[in-house]
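# Examination of the molecular architecture
The lines below spell out each chain.
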Amino acid sequence: MATPSSQMVMYLVLRRDLLNAPLSWPIGAVATQAAHAASAAMWIFRNDPNTEVYTSELDSMHKVTLGVDSEEELAKVVTKLEEKKLDHKVWIEDNMRVCVALKPYPKNDVKNVIRSLKLF
């Protein structure tokens, strides 16, 4: 069993501005974007050892949804993830980057990259 410091966490970074004018997406549509990104990341990284550990106990999977205020801020997060070589999936809807899902990682492996982001 994973210790609290090594517990696998899947982080999602979702755009808050999708909810506001001029976009004004319904909350259900925004939630669906996070689901799409998470599903895609789980599929892409399905054979990764981190994902195998993460899914070994389905009832205790841990996800954290963080928010950014624009597509530009999401792009900055993606750049940081790429610089740190952290595996992720960028979900695109209507030709816009709307959500990023990291493959499951121990919290300590990603905390320096995402520490400035607030919960969605």
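Since the model is a prediction, treat every value here as computed from it, not as a measurement.

Criteria and cut-off values
- Residues numbered from 1 in each chain as written.
- Predicted model: local features only at pLDDT ≥ 70, side-chain atom pairs only at ≥ 80, totals over all residues.
- Heavy atoms only, no water.
- Patch = residues over 30% accessible without salt bridge, like charges linked within 9 Å, V, L, I, M, F, W, Y side chains within 5 Å.
- Areas by Shrake-Rupley, 256 points an atom, 1.4 Å probe, with all protein chains shown as cover.
- Salt bridge = Lys/Arg side-chain N within 4 Å of Asp/Glu carboxyl O.
- Helix = DSSP H or I, 4+ residues; strand = E, 2+ residues; numbered from the N terminus.
- Buried < 20%, exposed > 50% of the residue type's maximum accessible area, 1.4 Å probe, protein only.
- Polar contact = N/O pair within 3.5 Å; in protein donor to acceptor, adjacent residues only side chain to side chain.
- Core = buried A, V, L, I, M, F, W, Y, C linked by side-chain atoms within 4.5 Å.
- Contact = heavy atoms within 4.5 Å.
- Phe/Tyr/Trp six-rings, centres within 6.5 Å; stacked < 30°, edge-to-face > 60°.
- Lys NZ or Arg CZ within 6 Å of the ring centre and 35° of its normal.
- Pairing = 2+ DSSP bridges.

What follows deals with a nonpolar patch on the surface. A cluster of nonpolar side chains, contributed by L19, I27 and F120, occupies part of the molecular surface with about 260 Å² of accessible area. Along the chain, F120 turns up in the segment after β6 (118–119).

Let's shift gears to the pattern of salt bridges. Per the stated rule, a full pass over the model turns up six salt bridges. K103 is paired through a salt bridge with D48; the nearest N and O atoms lie 2.6 Å apart. Placement of K103 in the loop between β4 (96–102) and β5 (105–106) and of D48 in the loop between α1 (27–44) and α2 (49–55) is noted, with a sequence separation of 55 residues between them. For the pair shown, K103 and D48 are each scored as buried. Taking the shortest distance from any N to any O, the salt bridge between E71 and R97 comes out at 3.5 Å. Of this pair, E71 sits in helix α3 (residues 71–83) while R97 sits in strand β4, and the two are 26 residues apart along the sequence.

Moving on: the side chain of R15. Looking at where R15 falls in the secondary structure, it is placed in strand β1 (residues 8–15). Classification of R15 by relative accessible area gives buried; the value is 2%. Here the side chain of R15 touches D17 through a polar contact of 2.8 Å, side chain to side chain.

The next subject is the nonpolar core. Across soluble globular proteins, nonpolar side chains show a tendency to be buried alongside one another. The biggest cluster of nonpolar side chains holds 19 residues, and the ones touching the most others in it are Y11 and V100. Going through the elements one at a time, β1, β2 (63–68), α3, β4 and α4 (107–114) are the ones with two or more residues in this core. In terms of residue count, the dominant contributor to this core is α3 (four residues). Filtering out sequence-adjacent residues up to four positions away, V100 remains in contact with Y11, L12, V13, L74, V78, L81, H88, K89 and V90. The next biggest cluster of nonpolar side chains, apart from the first, holds 18 residues, and it includes M10, L18, A41 and M96.

One pair of aromatic rings is described through two measures. These are the centre distance and the angle between the planes. Across all of its chains, the model carries zero aromatic pairs by this definition. The side chain of R46 reaches across the aromatic face of W43, ending 3.8 Å from its centre.

Consecutive side chains along a regular strand alternate between the two faces of the sheet. Burial analysis of β1 places eight of its eight residues in the buried class, which makes it a mostly covered element. Sheet topology places β1 next to β5; two bridges connect them, and they run antiparallel. Following the sheet pairing, V9 is matched in β5 by Y105. Sheet topology note: the β1/β2 ladder contains six bridges and is parallel. By the bridge assignment, V13 is partnered in β2 with L66. Across three bridges, the pairing between β1 and β4 is antiparallel. The residue of β4 that forms the bridge with L12 is A101.

Moving on, we get to the environment of E93. Checked against the element boundaries, E93 lands in strand β3 (residues 88–93). A relative accessible area of 26% means that E93 is categorised as partly exposed. As for E93 and Q33, which are separated by 60 residues in sequence, their C-alpha atoms are 7.8 Å apart. With residues up to four places along the chain from it excluded, the contact list for E93 reads W25, Q33, H36 and V98.

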